[in-house]
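Residue strings, one per chain:
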Amino acid sequence: MRTGRLRTVHPVLWAGWAALAAGAVLCVLGWYGVSGERFAERQLPYLASCTVPGAALIVAGAVLLTHGRNALAAARVEELYGLLVAAEPADSEEPGQPASAPLAVSGNLLMVPGGTLWHRADCPLVSGKVEAVPVDSKLVASGELGPCPICEPTEETD
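Here is what the cut-offs are and how they apply
Sequence positions are assigned chain by chain, starting from 1 and proceeding in written order. Predicted model: local features are reported for residues with pLDDT of at least 70 only, side-chain atom pairs are reported and counted for 80 or more only, and whole-chain, interface and lining totals are derived from all residues. Side-chain metrics in this entry use all non-hydrogen atoms of the structure; hydrogen atoms and water are not considered. Helix and strand definitions follow DSSP, with helices as H or I runs of at least four residues and strands as E runs of at least two, each counted in order from the N terminus. Definition of a polar contact: a pair of N or O atoms within 3.5 Å, with one able to donate and the other able to accept a hydrogen when the atoms are protein atoms, and with sequence-neighbouring residues admitted only if both atoms are side-chain atoms. Expected helix span is taken as 1.5 Å per residue step, with the number of steps being one fewer than the number of residues. Bend is computed residue by residue as the angle between axes fitted to the seven residues ending at the residue and the seven residues starting at it. Exposure categories follow from relative accessible area, calculated using a 1.4 Å probe and restricted to protein chains: below 20% of the type maximum is buried, above 50% is exposed, and the middle band is partly exposed. His is not counted, nor are the chain ends; Lys and Arg add positive charge and Asp and Glu add negative charge. Criterion for a salt bridge: a side-chain nitrogen of Lys or Arg within 4 Å of a carboxyl oxygen of Asp or Glu. Two strands are said to pair when DSSP picks up at least two bridges between them. Each patch is assembled from residues with relative accessible area greater than 30% and no salt bridge, linking like charges that lie within 9 Å and nonpolar side chains (Val, Leu, Ile, Met, Phe, Trp, Tyr) that lie within 5 Å. Accessible areas in this description were obtained via Shrake-Rupley with a 1.4 Å probe; residue shielding takes into account the shown protein chains only. You can read pLDDT as the predictor saying how much it trusts each residue, on a scale of 0 to 100. In this description, contact between two residues means that some pair of their heavy atoms is separated by no more than 4.5 Å. By definition, disulfides here are pairs of cysteine sulfur atoms that lie within 2.5 Å.

**A few points about the environment of serine 142**
- The residue serine 142 is located in helix H3 (residues 137-142) in this model.
- Here glutamate 144 takes part through its backbone nitrogen, which lies 3.4 Å from a polar atom of the side chain of serine 142.

**Focus on helix H2 (residues 40-86)**
- An ideal rise of 1.5 Å per residue puts 69 Å on 47 residues; H2 measures up with 66 Å between its terminal C-alpha atoms.
- Its axis deflected by about 45° at leucine 47, H2 carries its strongest bend there.
- All of the buried residues in H2 are Cys50, Gly54, Gly61, Leu65, Gly68, Ala71, Leu72, Ala75 and Glu79.

**Some points on the side chain of arginine 120**
- With respect to the secondary-structure elements, arginine 120 resides in strand E2 (residues 117-120).
- As a buried residue without a salt bridge, arginine 120 has its nearest oppositely charged side chain in aspartate 122, at a separation of 5.7 Å.
- For arginine 120, the side chain forms a polar contact with the main-chain oxygen of cysteine 151, separated by 3.1 Å.

**Here we look at the pairing of E2**
- Note: strand E1 (residues 109-111) against E2, three bridges, orientation antiparallel. In the sheet register, leucine 109 faces E2, and the bridge partner there is arginine 120.
- In sequence, E1 turns back onto E2 through a hairpin of five residues, with glycine 114 there showing a positive phi of about 90°.

**So, a nonpolar patch on the surface**
- A cluster of nonpolar residues, Tyr81, Leu84 and Val85, forms a patch on the protein surface that exposes about 360 Å² of accessible area.
- The topology assignment puts leucine 84 in helix H2.

**Examining the confidence of the model for the protein chain**
- In the predicted model, the protein chain carries a mean pLDDT of 77, and the fraction of residues at 70 or more is 78%.
- Mean pLDDT per element in the protein chain: H3 is the minimum at 78, and strand E3 (residues 133-134) is the maximum at 86.
- Confidence drops under a pLDDT of 50 for residues 98-105, and excluding neighbours within four residues, the segment shows 12 contacts in the predicted structure.

**Regarding the sheet that holds E3**
- Taken in spatial order, the four strands line up as E3-E1-E2-E4 in an open sheet, and their pairing is mixed. Looking at the sheet topology across the chains shown, the edges are occupied by E3 and strand E4 (146-147).

**Observations regarding the state of the cysteines**
- Within the structure shown, the criterion is met by zero disulfides.
- Free cysteine cysteine 50: the closest other cysteine sulfur is in cysteine 27, separated by 8.9 Å.
- Between cysteine 123, a free cysteine, and cysteine 151, which holds the nearest cysteine sulfur, the sulfur-to-sulfur gap is 3.7 Å.
- Since its relative accessible area comes to 0%, cysteine 123 is described here as buried.

Here you go:
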């Protein structure tokens, strides 16, 4: 699912790069022309015709690149949001069930080594992970691990 905005961003980025390149070429030409003249009155035409427009093109190119990258990022966020909204839950909720029911209800507690949370065994964050190990009750009691906000485990289920 690609949005039309992605196609319109690329010309802006190309225009930005072209403006930066043209500005750099003009600045180099202006510098070269100024460096070959000894008197200030002979240097001014190079400044006015090459260096100042070159600097303006560099600024314009930077603005175009920034705008193009921001528009590209915004288009990607819109695309991801569209994918997120389009995804429907696998189970349709029944009218009698509360919407805030936990996703996992198993009594076995697991953790991932190096992690900061403890989970129920059927929590979507650890289910199917071979590296998940049973939780040591000492870690839970010491406060080193916190409960998972997804499956909402309790210490009594250990």
